[in-house]
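The lines below spell out each chain.
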Amino acid sequence: MTTVSRFTVVALSLTYALYFGQLGVITPYLGVFLDGRGFTSAEIGELFAVITLARIIGPSLWAGIADKTGKILFILRLGCALTVFSFIGVFWAFSFWYLTLTMGLMMMFWTAVLPQLEVLTLHTVDGDSKRYGRVRLWGSVGFIVLTVLVGQALDFFSTETPIYASMLVLSALFVSTLALRQPDTMQRNHSQSGSIWGYLRNKVVIVFLIVNGLLQVSFGAYYGFFALYMRDLGYTGMETGLLIALGVLVEVGIFLIAQKLIARFGVWRLLMLCLLATGLRWWVLGTLAEHFWLVFFSQFIHALSFGLNHSTSMQFIHHYFPSHIHGRIQAAYIGLAFGLGGAIGNYAAGQIWQQGSGAFETFAGASLCAVAGGLLLLLIKPTQMSQRHPLHS
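Report follows, based on the coordinates. (Residues numbered from 1 in each chain as written. Predicted model: local features only at pLDDT ≥ 70, side-chain atom pairs only at ≥ 80, totals over all residues. Heavy atoms only, no water.)

**What to know about the overall build of the chain**
And then number 1: Secondary structure assignment for the chain yields 15 helices and zero strands.
And then number 2: In terms of overall size, the chain behaves like a compact globule, its C-alpha atoms giving a radius of gyration of 20 Å where 393 residues would be expected to give roughly 21 Å.
And then number 3: If one aligns the C-alpha atoms of the chain with their principal axes, the spans along those axes are about 55 × 45 × 35 Å.
And then number 4: Taking all 393 residues of the chain together, 61% fall into the buried category.
And then number 5: As displayed, the chain offers around 15900 Å² of accessible surface, 68% of which is attributable to carbon and sulfur atoms. (Helix = DSSP H or I, 4+ residues; strand = E, 2+ residues; numbered from the N terminus. Rg over C-alpha atoms; globule rule 2.2 N^0.38 Å. Buried < 20%, exposed > 50% of the residue type's maximum accessible area, 1.4 Å probe, protein only. Areas by Shrake-Rupley, 256 points an atom, 1.4 Å probe, with all protein chains shown as cover.)

Right, here's the structure in full:
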């Protein structure tokens, strides 16, 4: 097992904190920002969908370049720099299409960051899920801190607050990548380059991607409208920020014990648990959200909805596929699940939401999508997800 320096761990942890801290700014509060600029719920959903589609093209494009050149860290830094440059346009983008173009361009560059960061981290810790979890949990910490701070700031400042906070966080993210180092073992391997389509045409992989896609479809209502939903129900910005932060806080504990859970229960069983629990979470939000304590406890399920699901999916990818295509498999996972699935979920949520009058229908549909993902897992056996891909030599 490789020895990882303290400086490397700190640098990786800081990068995760800032990357997911940005998610804590833009994901919960982009709807509030857009509402403040006068967009309708349908337009908000459409804008979310269009910019999310960039996550289909972006990851594959960047990962293909990274895998072929071996310059993973360079691609990561370039993605951060171009993200900052393109995001500047948001301050002057007031029309729907100008703002959509600006945000879509930013997302196109931002998608270069996470797949390369994940691969870089997994190779740095030599595939050790326990050490990976300790580094990755700082992403949750960054999300929590920024979500609470921006939520509180919205009680005192304008709805433009999220974009000012985003600019600061994205700039700091680029600076943090300058402290990262790429392991010597991650060099270009000419003999192992080639297409990944043979790996993707596997039944287990197809089910894995569709299941995660359905999970992200179900997140459309939460990502696009949770903050607005809470505001309409009388919750303050601080309360909303704390509720969102609570959901991420419980991830920290999951990341610390994820390796033990995976070793004991396996990928298939944990994914099934995550999907069914997420279905329950959305049903509670759609029917009982006026009761603070029920919303409070439902946020604990986020440890499964995202934290455990993500750790389990990363372990599956790292174990099931050969290392030389990890970057492109990560990109396919993010592009198809988060990109296509997220876009469908965002668009559908925006069409059904109807300025809040369709909240129940939106969350009920989200619940059905999550449960459908769980049922789809029944098409494969638990043992099939614990093996290696048939093409894995």
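Don't stop here, the text continues.
**A look at unusual backbone geometry**
Trans peptide bonds make up most of the peptide bonds, and negative phi angles are found at most residues other than glycine.
And then number 1: Positive phi outside glycine occurs at Gln354, with the angle close to 50°.
And then number 2: With respect to the helices and strands, Gln354 occurs in the loop between helix H14 (326-353) and helix H15 (359-376).
And then number 3: The partly exposed category is assigned to Gln354, whose relative accessible area is 46%.
And then number 4: A positive phi angle is found at Gln355, which is not glycine, with a value near 55°.
And then number 5: Residue placement: Gln355 occurs in the loop between H14 and H15.

**Quick look at the pattern of salt bridges**
And then number 1: Here the structure, examined in full by the defined rule, presents three salt bridges.
And then number 2: Note that Asp35 is salt-bridged to Arg231, the shortest N-O span being 3.2 Å. Of this pair, Asp35 sits in helix H1 (residues 6-36) while Arg231 sits in helix H10 (residues 220-232); the two residues are 196 residues apart in sequence, bridging distant segments of the chain.
And then number 3: Measuring nitrogen to oxygen at the nearest pair gives 3.9 Å for the salt bridge that ties Asp232 to Arg231.
And then number 4: Judged by its relative accessible area of 40%, Arg231 falls in the partly exposed class. (Salt bridge = Lys/Arg side-chain N within 4 Å of Asp/Glu carboxyl O.)

**Looking at the environment of Met238**
And then number 1: Positionally, Met238 belongs in helix H11 (residues 237-288).
And then number 2: Accessibility expressed as a relative area gives 26% for Met238, which makes it partly exposed.
And then number 3: As a C-alpha pair, Met238 and Met103 span 135 residues in sequence and 26 Å in three-dimensional space.
And then number 4: With residues near it in sequence (within four places) discarded, Met238 still touches Val148, Gly151, Gln152 and Asp155. (Contact = heavy atoms within 4.5 Å.)

Read these as geometric descriptors, not functional statements.
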